[in-house]
Amino acid sequence: MSKTNAGFFFEDYRIGQMIRHAVPRTVGQGEQALYHALYPARHALYSSDEFARSCGLRSAPLDDLIAFHTVFGKTVPDISLNARANLGYAEGRWLSPVWPGDTLRAESEVIGLKQNSNGKTGVVWVRTTGRNQHGEAVLSYVRWVMVRKRDPQADAPQAVVPDLVDAVAPGDLTVPRGLTFANYDFAAAGEPHRLGDYSVGEIIDHIDAVTVEEAEHMMATRLWQNTAKVHFDVTQREDGKRLIYGGHVISMARALSFNGLANAQMIVGLNGGAHANPCFAGDTVRAWSEVLDTAETDAPGVGAIRLRLVAATSDAPGLKDKDGRYLPHVLLDLDYWALLPA
Amino acid sequence: MSKTNAGFFFEDYRIGQMIRHAVPRTVGQGEQALYHALYPARHALYSSDEFARSCGLRSAPLDDLIAFHTVFGKTVPDISLNARANLGYAEGRWLSPVWPGDTLRAESEVIGLKQNSNGKTGVVWVRTTGRNQHGEAVLSYVRWVMVRKRDPQADAPQAVVPDLVDAVAPGDLTVPRGLTFANYDFAAAGEPHRLGDYSVGEIIDHIDAVTVEEAEHMMATRLWQNTAKVHFDVTQREDGKRLIYGGHVISMARALSFNGLANAQMIVGLNGGAHANPCFAGDTVRAWSEVLDTAETDAPGVGAIRLRLVAATSDAPGLKDKDGRYLPHVLLDLDYWALLPA
Amino acid sequence: MSKTNAGFFFEDYRIGQMIRHAVPRTVGQGEQALYHALYPARHALYSSDEFARSCGLRSAPLDDLIAFHTVFGKTVPDISLNARANLGYAEGRWLSPVWPGDTLRAESEVIGLKQNSNGKTGVVWVRTTGRNQHGEAVLSYVRWVMVRKRDPQADAPQAVVPDLVDAVAPGDLTVPRGLTFANYDFAAAGEPHRLGDYSVGEIIDHIDAVTVEEAEHMMATRLWQNTAKVHFDVTQREDGKRLIYGGHVISMARALSFNGLANAQMIVGLNGGAHANPCFAGDTVRAWSEVLDTAETDAPGVGAIRLRLVAATSDAPGLKDKDGRYLPHVLLDLDYWALLPA
């Protein structure tokens, strides 16, 4: 019997199946420091314990995307080791901050299965939940991937396509306990803009850009214990390139968005996302955002803003061509909710 | 109204203006670990809590240059985003160690303004102070930069050129409270040399060298939240090169200086400094030091040494040509005070 | 007198000489985070405080190889600065876990000396011990290196070749106090294999591979304060290449071995090791293991497995040619003991 993990194939998934992912992970101040080294992250709530306390938290939590990447990384050996494509995200909700010293684990429930017409692959939908050492859910999201079949002759399962919402409703967003922006220090945060200063449809060019390197994306991807070979091993692709983990682009774009969205402090919802084109070392990543919606919350001074975050390798205009396909310079099209001062 | 920061132009500064820089930063053991990964740092006081305790401190402080880079990084969006050149430093004093968990913020006072004769740029002098979460000053220094004018037709302000000392007087250096070298462990520190073993005019070749990489200098520069585009984005210069942050060269040279100056433990004064030539990835950085002065302090066994620290891309001799211009292989010419056993 | 360290030459060593290595080092959660960024490390005992507690430990210790690299790095300025070759390891034993916040120091005793017949070099054997701030030994191993003579005309010392065991006897392995695998969570650890599932002679291909980068190996090597010039300075070799620290390859191969040996949690013995060929940036490192032996321990549910760990730059078969020389694609041949559930 082989001792190594060959990953799951399409036939291995069943509707309702619960997969407990391996290797819990304690994350701490070291991961936070590395996050600041790997991305130009500057949102004050994650940069300063003092600022976080002035917002009612006990200290700076770990970046919301550290939680996302860590939970996502856990799922790779069971969900996407044999995946051909990462097709989408939906219904993502951050449910509790992750504090330095917390230990995260992850589990996924199979909620959808649909074999492709070619008979060689199928689409698997899973709802993944990350939990801390107290068993509290810190993050939940749906992801769907295209997975190879072990045996192309195997029967197709009955197709089940989950009914997913287009966007998390504002009332379903979780504001961390105690969070207040009532005494928000705009000068310390870096920008004066409140929720009311943003208009739906407004586009913000974040100006800054970063040319990415192999060492950086591999260090980041390893830090989240994401083991997908294609990120590390030049013999995996015919062109000898290492594909950059899509989450690296998400974090880079989110950090770049500080310039114009410095007060969009906490990510609380992930409505959808597409990795439009692959990213490789040497690419210069830029970002722009579009305001999609705004909402109130019950917490003092805390509003919510729904944003489209686009990463691209040039500042050429446009997102999709006339046939609805992403333009070649677009890397990421992400739709998320963040909390900012009302 | 644009949401993003365009930075200050020469006309935006006024004598006496106080600029409170954004985004306080909590620094900790993770930053210290990264510092040891990014530079060949070996000074025992920062490497070992036990050694620091034997010198009267509560634990190893964060490297003095972590304090400098963090404070400096805060000032970039307000001082040097539109700077053409970083012209000099003076009157730098480290006033209190930075401990893991401290939160640093920075503010600058404009103390000098002088428009250049071309009418397109001007020189701005600022005195920057870094403070911890208790409001205590941890670092203060003067920096001057050449900044572009937004409007070349704008009137020149009345020229004010601050009167800066050539070097911080020994009596103005701050020795950290409790510091003692009375029981200094030379074997643990790595070298036997006391203050009396160094002579003014003595030159020390630090022998070791490091060939620098893009991923390293970008990680370092991001860690200090320094956002100057030219360090990260290959589209910023016509030659497609990323300019390495001058502070990266300072830290590299200081770390290399361990070999011969292992006992020059704490940096307490910055008398001046010039980034003589730009540094790029692929350069091999070497360093040598010249002893400029020595002094006593009131603390037990603690002396002070004034050093010129030179970084260069080759071991060719010389610093300046006959016209007083830095030779092409010279990267850095720094003048600082350090504490070492008397 | 030169202030810098020229290192020891062969004539400087005497049998029985005790060398106390400089610069104690406090290691913590930041180093652990960096370890996870630099290597694809996933063994649960080092990844999760919760998992470590379920095994009777107070928290996750620092990776065993952090202890090894830190202690090894301390010895470089005194043992291998003038070394031509790192010839072997033996009798390595991990004696106590290293916890975040511990301060490590190292000392070496010269236990063997033998001049080579060419008269220009000699072999030095040292037994190195790493200790924590309580004076407890955490690690002990024998290493031998070929060192240059300062003066080829100097007399040869009387040859003393130590008598070293081929492998640490199972009864000489130290199981950390309190360790138990009685309630081992195989699902959390990532694989179901117990000691009894492995057979002597079994070969495990770990499948995964990593293409290594300059920035990564230099950051790792600096983190352990290893100052050997050849790792950092392109002017040291005629081919302009930086030689990757052999320990970087050890850590990479060990981390890759998770896939098939996820339950080989703790390294407790180092029986031998050869750096078969040099490793350079751009190489793609793979690994395979051979089961050499198994043994029982007195701790609840804890068994020991003796493994050969081989790193190579391709998946070509074979280890040595018919003359007993390592094949060109082999980087490392390591022989170690690990603890895993019985």
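Whatever comes next refers back to the structure up there.
Residues numbered from 1 in each chain as written. Chains lettered and ligands numbered in written order. Predicted model: local features only at pLDDT ≥ 70, side-chain atom pairs only at ≥ 80, totals over all residues. Heavy atoms only, no water.

Draft legend 1. How the structure looks around the packing of helix H6 (residues 214–223) of chain A against helix H6 (residues 214–223) of chain B. Orientation of H6(A) relative to H6(B), taken along the N-to-C sense of each, is 60°, at an axis distance of 8 Å. Classified by the angle between their axes, H6(A) and H6(B) sit oblique to one another. Contact with H6(A), carried on its side by Ala215(A), Glu216(A) and Met219(A), involves Ala215(B), Met218(B), Met219(B) and Arg222(B) of H6(B) and no other residues of that element. Residue classes in the contact of H6(A) with H6(B) are distributed as five nonpolar, no polar and two charged. (Axes fitted to C-alpha atoms, helices over the stretch in contact; angles between N-to-C directions. Helix = DSSP H or I, 4+ residues; strand = E, 2+ residues; numbered from the N terminus. Parallel < 35°, antiparallel > 145°, perpendicular 65-115°, else oblique. Contact = heavy atoms within 4.5 Å. Nonpolar A, V, L, I, M, F, W, Y, C, P; charged D, E, K, R; others polar.)

Draft legend 2. Expanded view of the pairing of strand E12 (residues 330–341) of chain A. All names here are of chain A. Across the twelve residues that make up E12, a large majority, twelve, are buried. Strand direction decides the pairing type here: strand E9 (residues 266–275) and E12, joined by eight bridges, are antiparallel. Residue His-275 lies in a different strand from E12, and its bridge partner there is Leu-332. Where strand E11 (residues 302–312) meets E12, eleven bridges bridge the pair, whose relative direction is antiparallel. Bridge pairing in E12 links Leu-309 to Leu-334. (Buried < 20%, exposed > 50% of the residue type's maximum accessible area, 1.4 Å probe, protein only. Pairing = 2+ DSSP bridges.)

Draft legend 3. Representation of the packing of helix H1 (residues 29–38) of chain A against helix H1 (residues 29–38) of chain B. Between H1(A) and H1(B), whose axes approach to 7 Å, the crossing angle comes to 55°. Of the possible angle classes, the one that applies to H1(A) and H1(B) is oblique. Crossing handedness for the pair H1(A) and H1(B): right-handed. In this structure, H1(A) uses Gln29(A), Gly30(A), Ala33(A), Leu34(A) and Ala37(A) to contact H1(B), whose residues at the interface are Gln29(B), Gly30(B), Glu31(B) and Leu34(B). For the contact of H1(A) with H1(B), the class distribution of residues is four nonpolar, four polar and one charged. (Left-handed = near helix turned anticlockwise from the far one by under 90°.)

Draft legend 4. Representation of the relation of the copies chain B and chain A in the model. Between chain B and chain A, the superposition needs a rotation of 120° and an axial shift of 0.0 Å, giving an RMSD of 0.0 Å. The transformation just described matches what one would write down for a three-fold rotation axis. Using C-alpha coordinates, one finds that chain B approaches the rotation axis most closely at Gly30(B), a distance of 2.4 Å. Each copy contacts the other with its own distinct surface, as only 15% of the interface residues of chain B are interface residues in chain A too. (Least-squares fit on C-alpha atoms with pLDDT ≥ 70 in both.)

Draft legend 5. Focus on the interface of chain C and chain B. Across the contact, 34 residues belong to chain C and 45 residues belong to chain B. Summing both partners gives a buried area of about 3000 Å² for chain C against chain B, and 56% of it is carried by carbon and sulfur. Counting the contacts that link chain C with chain B gives six salt bridges. In this structure, the salt-bridge partner of Lys3(C) is Glu202(B), at a minimum N-O distance of 2.6 Å. Seen at the junction of chain C and chain B, the total is 22 residue pairs in polar contact (both at pLDDT 80 or more). Those elements that provide at least two residues to the side of chain C that touches chain B are strand E2 (25–26), helix H1 (29–38) and helix H6 (214–223) of chain C. Examining the composition of the side of chain C that touches chain B, we find that six residues originate from one element, H6(C), more than from any other. (Buried area = accessible area lost by both parts, 1.4 Å probe. Salt bridge = Lys/Arg side-chain N within 4 Å of Asp/Glu carboxyl O. Polar contact = N/O pair within 3.5 Å; in protein donor to acceptor, adjacent residues only side chain to side chain.)

Draft legend 6. Representation of the interface of chain B and chain A. The interface is formed by 33 residues belonging to chain B together with 45 residues belonging to chain A. Taking both sides of the interface into account, the surface hidden between chain B and chain A amounts to around 3000 Å²; carbon and sulfur atoms contribute 56%. Between the two partners, chain B and chain A, sit six salt bridges. Elements with a minimum of two residues in the side of chain B that touches chain A: strand E2 (25–26), H1 and H6 of chain B. Examining the composition of the side of chain B that touches chain A, we find that six residues originate from one element, H6(B), more than from any other. Class assignment for the residues of the side of chain B that touches chain A results in 13 nonpolar, eleven polar and nine charged.

Function cannot be inferred from these measures alone, as they are strictly geometric.
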